[in-house]
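Close look at the chain arrangement
For reference, the chains in residue letters:
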Amino acid sequence: MVAYFREMFVGLWSLVAGMAVTIRYFVRPIVTVQYPRQKLTMTPKYRGHIELIMDPETNTHRCTACGMCVRTCPSSLITVEGVKVKKKKLPVKHVIDYSYCSLCGLCVEVCPTKALKFSNEYRLAGYQRQDMVIDLMARLDAERATVGLPPLPIPTPESEEETTSAEEKA
Amino acid sequence: MMLEPGIEEKTFYLNLGPQHPSTHGVLRILLEMDGEFIANSEPVIGYGHRAHEKMAELRTYQQYLPNMGRVDYLHALAYNHGYCLAVERLAGIEVPERAEFIRVITSELNRIASHLLWFGAYLLDLGAFTPFLYCFDDRENVVDILDRVTGSRLTYCYFRFGGVRDDIDDEFIAGCRAFITRLRSRWQDYDDLVTKNVIFINRTRDVGIITPEQALKYGVTGPCLRGSGIPYDIRRSEPYSVYPLFDFEIPIGERGDIMDRYVVRLREMEQSLRIIEQALDKLPNGPIMAEKVPKRLKPAEGEVYAAVESGRGEFGTYIVSKGDTKPYRIKLRVPSFSNLSIISELIKDTLVADMVAILGSLDLVIPEVDR
Amino acid sequence: MIVALIGVIALVSVNALFLIWMERKVAAHIQLRPGPMEVGFHGALQTVADAIKLIGKELITPEEVDRPIYLLAPIVIFLPVLVLFLVIPFAPNLIIRDLNVGILLIFAFSSLTVLSILMAGWSSNNKYSVFGAIRSIAQNIAYEIPLLITAMSIILMVGSFKLSAIVAAQDKVWFVVIQPLAFLLYIICATAETNRAPFDIPEAESELVAGFHTEYSGMRFGLFFLAEYTNMFVVSAVATVLFLGGWRGWILPPVVWFLIKVYAIIFLIMWFRWTFPRLRFDQLISFAWKVLIPLAFVNLLVTALAIKLF
């Protein structure tokens, strides 16, 4: 009989203790933010999709269209096309299909000229699949525009035969 | 309540899943019900099969790295660790000590995140919504800390063969220390809200008992095994990385019921905090990547097995190499699969409500079962 | 009478909309989040928007349901709820009908919800729904007994079933002071009667998806929802009358005091929901028979003895 009542009392007390916890939290300030109106800043190392680094000295990219990123990508989603201008290879097209990207970062690591970095972009939404295809050269042009520079001139090959496509898959 | 011939029509079938709130993924359990009691049951898996093992055969060793964050997305860094460990053993790569420390710290943080998520989701199974969001509040801290160094919030791809991708900074260390203090101050609330709650105790005490014999028979590992009283933890019994340098306990249960598994997980989080604390104190300086790791890894012919302790149990990677840049075959030994296989035996002759409680207590990640 | 009916319907809808908003706010703040914030001031119109959405939705009738019963169930759950408002004394002169058997009428009609739950669960032709319905009946029968017995101990003290008479009897001291155990038992039983957590077994979402109303959509589901919140108001109003002195209070008008007390009890019930895990079905039933009913009986006996002696 005593055990019956003690058990009941202990049980009731545990419930009261639980309610004390919730009421304490009830009067605490909230911890969430109202997302579209308030935004949190991403950490500097946050890995969004890749983009070309704008070299602060030359105000252009460092890509040589070598195709290492294309070959190393596990999902084969990078397309790079380059042309030879004065014995130097330059990209004319650097496009990624972000919808396949698993953000492993291998392309950034493997780049011999360290031309790629991760963007801080996390608000990506689109109405169709094509919206997720990101043109890195266009993004670089947009970045150049913010410092008042015109878009990069499209490099023209010296002769047709030298046009190389780096679309080899790893 | 064994089925006798001739009374089959007394039972009926209930499909629990593939879409059901308490299966946490696309698991289907076919239940043969006798009223509210489960007469027989059969888990049906494979709805989330993504062919991770087959993918390994078509990719180079490096290219398989991002997959590891996706087999078990809740404790992704343990999977990173397991795979890197296997490849490093295969190719004979030495990992610098600082990298090992960083691996341990991040992996233990991730273990806490995984256990916290289990804690919340499990209480959600039992019908308490609020602890779920308190846990997510705490887990958010871990995710933020890991985000600072790994660059992603869930599917980490951070470890590399021979080290880690990025070094940790002072802000990371300060964040870790703040988190340790914060989480320790929360145990009291969790105890008051959940552990001591009479309803919770009644739901979990002496329910879903796994005997040590059963656990060994089915190859159950992780907190489920330790809850049954067998102190088997890969970090201790088959030490890898720098775990032997740290002082931590292996919490075990006595009865093997849900409550024991719950307590084991809670105490494991505290042990993880201790490991992180010690690792931060002892953190050496030095490189974070081994020198001379070839960009196109081509390990010699051979076979290797490496196991790590993930939040759910023993995660093993078995690699067969034929001396190519791509592995010949990779077999992933995932803990959830063996932990799930015991379910039919556990839920026999229990109520549906108990079945939900037992299923949740095993801490299954269904995509990991299917791989 | 017509005015009263319109008034009741208006009260029921406004009250339900307010309670849903309140529930979401209480839940949100307990869980350290703001809750609805977008529609109206602090999301005050959110539930109105939700109601409009529910009304606009297509009413889906699954193929193999028992059509007449399936269609009748939401109406059957909602109608008795309206009757209950007939006898609730909001203020000394704000009672639609001050019946002599007011409290009996409330208990009689609120039991009808079980019938509707059974109809909904059975006719849905869904195993989860049947489970929900069967559990609900067992639960409601188990919890109605202690509920009535605790109410009986108050009625013994007052000597009347009339709600206004019960309020009048509390002019010196509220009954919660004299009968704290009865109040506690009543609150527990009321929570169970309204199928609220931790006693929400009939609609335990982690086991039974949504229980008896799994197959209902649109405004039919809305009616179940409306009835649940209105029932909550009714049991809280009865608790106010029985234990908290009804409309009695200082300075503020009586009706305001009545509503304050009712919403305080509702807050308590919501607070339960967002704190506790759910009981298992068999534990729930044995709790009713082994703990609540004996305690209620003892309480009744002690009350009767005390009345006889003093």
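Residues numbered from 1 in each chain as written. Chains lettered and ligands numbered in written order. Predicted model: local features only at pLDDT ≥ 70, side-chain atom pairs only at ≥ 80, totals over all residues. Heavy atoms only, no water.

In this section: the interface of chain A and chain B. Facing the 29 residues of chain A at the interface are 28 residues of chain B. Surface buried jointly by chain A and chain B totals about 2500 Å² across both partners, of which 53% is contributed by carbon and sulfur atoms. It is Tyr25, Lys45 and Arg47 of chain A that lose the most area in chain A upon contact with chain B, and together they represent 25% of the buried surface on that side. The tally of links between chain A and chain B comes to three salt bridges. For the salt bridge of arginine 160 of chain B with glutamate 109 of chain A, the shortest nitrogen-to-oxygen distance reads 2.7 Å. One can count 16 residue pairs in polar contact (both at pLDDT 80 or more) joining chain A with chain B. Elements represented by at least two residues in the side of chain A that touches chain B include exactly α1 (2-26), α2 (68-72) and α3 (106-110) of chain A. With nine residues, the single largest contributor to the side of chain A that touches chain B is α1 of chain A. When grouped by side-chain class, the residues that make up the side of chain A that touches chain B number 15 nonpolar, eight polar and six charged. (Contact = heavy atoms within 4.5 Å. Buried area = accessible area lost by both parts, 1.4 Å probe. Salt bridge = Lys/Arg side-chain N within 4 Å of Asp/Glu carboxyl O. Polar contact = N/O pair within 3.5 Å; in protein donor to acceptor, adjacent residues only side chain to side chain. Helix = DSSP H or I, 4+ residues; strand = E, 2+ residues; numbered from the N terminus. Nonpolar A, V, L, I, M, F, W, Y, C, P; charged D, E, K, R; others polar.)

Residue and element names in this part refer to chain A. Summarising the sheet, strand β2 (residues 78-85) and strand β3 (residues 88-97) pair through eight bridges and their orientation is antiparallel. By the bridge assignment, glycine 82 is partnered in β3 with proline 91. In sequence, β2 turns back onto β3 through a hairpin of two residues, with lysine 86 there showing a positive phi of about 50 degrees. Here β3 runs beside strand β5 (residues 133-135); their pairing, made up of three bridges, is antiparallel. (Pairing = 2+ DSSP bridges.)

So, on to the nonpolar core. Counting residues in hydrophobic clusters, the biggest one holds 216 residues, and the most contacted among them are Tyr83 and Leu109 of chain B. It is helix α11 (residues 218-243) of chain C that provides the largest number of residues to this core, a total of 15 residues. Other than its neighbours up to four places away in sequence, leucine 109 of chain B contacts Val142, Ile145, Leu146, Phe172, Cys176, Phe179 and Ile276 of chain B. Cys69, Cys73, Val80 and Met137 of chain A belong to the second-largest nonpolar core, a separate cluster that totals 24 residues. (Core = buried A, V, L, I, M, F, W, Y, C linked by side-chain atoms within 4.5 Å. Buried < 20%, exposed > 50% of the residue type's maximum accessible area, 1.4 Å probe, protein only.)

As a further point, take the interface of chain C and chain B. Across the boundary between the two partners, chain C contributes 23 residues, which contact 32 residues of chain B. Roughly 2500 Å² of surface becomes buried between chain C and chain B when both sides are summed, with 61% attributable to carbon and sulfur atoms. Here chain C is connected to chain B by one salt bridge. Here aspartate 354 of chain B makes a salt bridge to arginine 280 of chain C, at a shortest N to O gap of 3.0 Å. For the pair chain C and chain B, the number of links is nine residue pairs in polar contact (both at pLDDT 80 or more). Listed by contribution, the elements that provide at least two residues to the side of chain C that touches chain B are α6 (127-158), α10 (205-208) and α13 (281-309) of chain C.

Residues and elements named next belong to chain B. Mapping glutamate 88 onto the fold places it in helix α3 (residues 76-91). There is a polar contact of 2.8 Å between the side chain of glutamate 88 and the backbone nitrogen of glycine 162. When neighbours within four sequence positions are excluded, glutamate 88 is seen to be in contact with Ile93, Val95, Arg103, Arg160, Phe161, Gly162 and Gly163.

Take helix α5 (residues 130-150) of chain B next. Residues and elements named next belong to chain B. Look at α5: 30 Å from first C-alpha to last across 21 residues, which is about the 30 Å you get at 1.5 Å a residue. With 16 of its 21 residues buried, α5 lies for the most part within the structure. The first or second residue beyond α5 is glycine 151, which carries a positive phi of 90 degrees. (Expected span 1.5 Å × (residues − 1).)

Quick look at the sheet that holds strand β7 (residues 313-321) of chain B now. All names here are of chain B. What the three strands build is an open sheet, ordered β6-β7-β8; its pairing is antiparallel. Two strands close off the open sheet at either side, each with one partner strand: β6 (302-310) and β8 (329-333). When the angles between neighbouring strand axes are averaged without regard to direction, this sheet yields 15 degrees. As defined by bridge partners, β6 adjoins β7 across nine bridges and the pair is classed as antiparallel. (Axes fitted to C-alpha atoms, helices over the stretch in contact; angles between N-to-C directions.)

For the rest of this paragraph, the subject is the pattern of salt bridges. All names here are of chain B. Enumeration according to the criterion identifies 42 salt bridges over all chains in this entry. Among the salt bridges present, the one from glutamate 108 reaches arginine 235, with a minimum N-O distance of 3.2 Å. Separated by 127 residues along the polypeptide, glutamate 108 in helix α4 (residues 97-125) and arginine 235 in helix α10 (residues 234-237) bring together distant segments of the chain. As far as the burial class goes, glutamate 108 and arginine 235 line up, both buried. The salt bridge involving glutamate 249 is made with arginine 274; its shortest N-O contact spans 3.7 Å. You can see glutamate 249 sitting in the loop between α10 and α11 (258-282) and its partner arginine 274 sitting in helix α11, a full 25 residues away along the chain. Judged by relative accessible area, which is 44%, glutamate 249 ranks as partly exposed.

Attention now moves to unusual backbone geometry. Residue and element names in this part refer to chain A. Positive phi is not limited to glycine here, since serine 76 has a value of about 50 degrees. If you trace the backbone, serine 76 turns up in the loop between α2 and β2. Residue serine 76 is classed as partly exposed on the basis of its relative accessible area of 33%.

With that settled, consider the packing of α11 of chain C against helix α12 (residues 254-273) of chain C. All names here are of chain C. Contact geometry for α11 and α12: axes closest at 8 Å, N-to-C directions at 120 degrees. When the axis of α11 is compared with that of α12, the two are oblique. In the packing of α11 onto α12, the handedness of the crossing is right-handed. Packed against α11, whose contacting residues are Tyr229, Met232, Phe233, Ser236, Ala237, Ala239, Thr240 and Val241, the element α12 presents Phe258, Leu259, Lys261, Val262, Tyr263, Ile265, Ile266, Ile269, Met270 and Arg273 at the interface. Of the residues contributing to the contact of α11 with α12, the split by class is 14 nonpolar, two polar and two charged. (Parallel < 35°, antiparallel > 145°, perpendicular 65-115°, else oblique. Left-handed = near helix turned anticlockwise from the far one by under 90°.)

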